[in-house]
Amino acid sequence: MVGRIVCSIVLLFVLAACQQSEELPTLAPTAAPVRQENSSLTTPQLPATSTPVTPAATFTPSATPVVLTPRPTPLVGPGVNITTPAEGGEILLGSEIIVSGLVQIGAGQSLSVTLVTATGHTLDEIRAEVSDFNSWQATLTAPNSVSGKADIRAALIEADGAIGAVDVVPVMLQVDPDGSDRHLILHRPLQGEEAVGGYNIFFDGVAQQPVDNLLTISLWSEGCQNRVASQSFRLRGSGYWQGFVVVPTNASGQLCAVAHFGEPGNEEWRESQVQVDVLSPGDDRAFNVLIGNPPPESVLTPGDRLLLYGTAYNAPDREILISILLENGRLLTESVATADIFGYWELELFIPADASGPAQIEASFGERGSDDFVQSNIPVSIGDQE
């Protein structure tokens, strides 16, 4: 009996020794991210209208800081991205821009955030602060100097100064007329407007306190880095202005249209820029007529003569029919203008003394109802509409 008990005890110990224990996986240690601190870093005067069109600002900067929310899936390997602001966001000049995103940053690297114009001017630059969760944030300032298309760039900078990974978000910088006593607004050309090589392109806008009353308008190619055409003229002071530049015949694709006064980089420098699409003269789409003066929404005076001018692309026989009609369809006056080799046309029309109310100006060429007929119009009003 005692022998059986002893054998049972020995058998239990043998079975226990034969069992294998399961080991738990060991977590791999994670490297602590490097935290970066902030660091500082002559042509004749063109006629003007007394009623400039001033676009209303559509952006109001918020005083509420951005709350950073890291993406569920972090970046793999060295890299950087921008999550705020959104692409194409409108930024009011004189305001702060809160920029944020995610980054995988290595030892010796830093994160640079810059605001750069389409023509390559750096408006602000700062070193971003990186958190323990690989998110980052920086605050840029949009100065009062340049409006139009710009880029926010986030770039990893190596210890030797070389640039590593880069992310770019395009934004639009908008003039705040009440934010600065000195400013420059570009009404036309519009962003994305079409122009034609060898023909005039029309500029107009508002200049407030222009330096030496001298304004320059220009066109830039090769990513807006090479100036291919320009024109400078004296203004009578602050107010509405107009001008033309001839697009080079061999130009095509995307160009920057720029207006500026003052020297770039100086405190008094002001610049406004848009991107336009230039067609070759033989392009099937290079077939249009534009009204440069008066500007849209102008108020015309009954009993006065009105100077009209504009540009016509590939106009048959270069004859342009100009008409002024009331809202009810009554034809007030019309006449024919002739375009020159640059497409420029002009003429004067008399506004009847008894005319009053909303109206429109039409410019056209070709046979009405046919495929070669082209027409454009702008809204105006006649008389005191208050």
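Residues numbered from 1 in each chain as written. Predicted model: local features only at pLDDT ≥ 70, side-chain atom pairs only at ≥ 80, totals over all residues. Heavy atoms only, no water.

(A) Quick peek at the packing of aromatic side chains. Taken as a whole and assessed by the stated rule, the structure comprises eight aromatic pairs. Seen in terms of ring centroids, Phe233 and Trp241 are 6.5 Å apart; in terms of plane orientation they differ by 50°. Their pairing is tilted. The pair formed by Phe233 and Trp241 is uniform in burial state, with each residue classed as buried. On the numbers, 5.8 Å between centres and 55° between planes, the contact of Phe244 with Tyr309 is tilted. (Phe/Tyr/Trp six-rings, centres within 6.5 Å; stacked < 30°, edge-to-face > 60°. Buried < 20%, exposed > 50% of the residue type's maximum accessible area, 1.4 Å probe, protein only.)

(B) View of empty space enclosed by the protein. Estimated volume of the largest cavity: approximately 40 Å³. Of all the secondary-structure elements, those providing two or more residues to the lining of the largest cavity are β8 (146-157), β10 (183-188) and β17 (270-279). A class-by-class count of the residues in the lining of the largest cavity yields four nonpolar, four polar and two charged. (1 Å grid on protein atoms, 1.4 Å probe; cavity = no way out; pocket = protein on both sides within 12 Å on 5 of 7 lines; lining within 4 Å. Points joined across faces, edges and corners; volume = space filled by probe spheres on them. Helix = DSSP H or I, 4+ residues; strand = E, 2+ residues; numbered from the N terminus. Nonpolar A, V, L, I, M, F, W, Y, C, P; charged D, E, K, R; others polar.)

(C) Representation of the pairing of strand β14 (residues 226-234) within the structure. Relative to β14, strand β13 (residues 214-221) is paired through eight bridges, and the arrangement is antiparallel. Each residue of the ladder has a partner; that of Trp220, found in β14, is Arg227. (Pairing = 2+ DSSP bridges.)

(D) Broad picture of the pattern of salt bridges. This model, assessed by the stated rule, comprises six salt bridges. Measuring nitrogen to oxygen at the nearest pair gives 3.5 Å for the salt bridge that ties Asp151 to Lys149. For the salt bridge of Glu194 with Arg285, the shortest nitrogen-to-oxygen distance reads 4.0 Å. Of this pair, Glu194 sits in strand β11 (residues 194-196) while Arg285 sits in the loop between β17 and β18 (288-293); the two residues are 91 residues apart in sequence, bridging distant segments of the chain. (Salt bridge = Lys/Arg side-chain N within 4 Å of Asp/Glu carboxyl O.)

(E) Examining the sheet that holds strand β15 (residues 239-246) more closely. Reading across the sheet, the three strands line up as β10-β12-β15 and stay open at both edges, with antiparallel pairing between neighbours. Looking at which strands have only one partner, the edges of the open sheet turn out to be β10 and β15. Strand-to-strand, the axes of this sheet are offset by a mean angle of 30°, without reference to chain direction. The sheet contact formed by β10 and strand β12 (residues 200-208) spans five bridges and is antiparallel. The residue bridging Ile185 from the neighbouring strand is Val206, located in β12. (Axes fitted to C-alpha atoms, helices over the stretch in contact; angles between N-to-C directions.)

(F) Quick peek at the sheet that holds β18. Strand order in the open sheet formed by three strands is β18-β20-β23, and the pairing between neighbours is antiparallel. Only two strands of the sheet have a single partner each, and these edge strands are β18 and β23 (344-350). Each strand axis lies, on average, 30° off the axis of its neighbour in the sheet, ignoring direction.

(G) Inspection of unusual backbone geometry at higher detail. Each neighbour pair has its own omega, and for Arg188 with Pro189 the value is 5°, a cis peptide bond. Following the sequence through the fold, Pro189 ends up in the loop between β10 and β11. A cis amide bond links Asn293 with the next residue in sequence, Pro294, at an omega value of 5°. Examined against the element boundaries, Pro294 turns out to sit in the loop between β18 and β19 (299-300). One non-glycine residue, Glu222, lies in the positive phi region at around 50°. With respect to the element layout, Glu222 can be found in the loop between β13 and β14. According to the relative accessible area criterion, Glu222 is exposed, its value standing at 61%. Here the phi dihedral of Glu297 falls at roughly 70°; this positive angle occurs in a residue that is not glycine. Tracing the chain through its elements places Glu297 in the loop between β18 and β19.

These results come straight from atomic positions and should not be treated as a statement about function.
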